Amino acid sequence: MRTESKLSVYESIVERIKREIALGIIAEGERLPSCRELALEMGVNPNTVQRAYSTLEEQGIIYTIPKKGVYAKGGHISNTHEEAENQIRLLRAAGIAKEQLKQIIDKVYLEENKDD
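Participant: Could you give me a rundown of the side chain of glutamate 20, with the residues and numbers involved?
Facilitator: On the secondary structure map, glutamate 20 appears in helix α1 (residues 9-22). Those residues in contact with glutamate 20 that lie beyond four places of it in its chain are Ile25 and Ile26.

Participant: Can you tell me about the pattern of salt bridges, naming the residues and giving the values?
Facilitator: Following the criterion strictly, the structure yields five salt bridges and no others. One salt bridge connects glutamate 20 with arginine 16, and the closest N-O pair in it is separated by 3.2 Å. Linking glutamate 20 with arginine 16, this pair stays in helix α1, spanning four residues, or about one helical turn. Judged by relative accessible area, glutamate 20 falls into the buried class, the value being 19%.

Participant: Mind laying out the nonpolar core, listing which residues take part and the relevant values?
Facilitator: Of all hydrophobic cores here, the largest spans 20 residues; its most connected members are Ile13, Ile17, Leu32, Val49, Tyr53 and Ile62. Breaking this core down by element, the ones donating at least two residues are α1, α2 (35-42), α3 (46-58) and β3 (69-72). It is α1 that provides the largest number of residues to this core, a total of five residues. Other than its neighbours up to four places away in sequence, tyrosine 53 contacts Ile17, Leu32, Pro33, Ser34, Cys35, Leu38, Ile62 and Val70.

Here is what the cut-offs are and how they apply
- Residues numbered from 1 in each chain as written.
- Predicted model: local features only at pLDDT ≥ 70, side-chain atom pairs only at ≥ 80, totals over all residues.
- Heavy atoms only, no water.
- Helix = DSSP H or I, 4+ residues; strand = E, 2+ residues; numbered from the N terminus.
- Contact = heavy atoms within 4.5 Å.
- Salt bridge = Lys/Arg side-chain N within 4 Å of Asp/Glu carboxyl O.
- Buried < 20%, exposed > 50% of the residue type's maximum accessible area, 1.4 Å probe, protein only.
- Core = buried A, V, L, I, M, F, W, Y, C linked by side-chain atoms within 4.5 Å.

Spelled out as structure tokens, the structure:
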């Protein structure tokens, strides 16, 4: 787990799971690791993972079946694309040119690759 992130540990877990669902790495209906399993894998406290799972469930991204586990909901890829399109429209309306937006995107992807 990266510690230099500006996000708290539980927020980083939330973002990671959201990204993996949006990209199809975690499929609709796929069972996620238990809190203990993910905590061991990431080297964090199980309560931190539980907080992340609770947040994701409140956001409608995952659901829990008691005594069965935590599962990913589907349909978030199109929502993510719609959100991205809406944000781009807002930026265009705010006067940001296409080339400026491309530079911003390139910068974000370069920064992300440096962290990997």
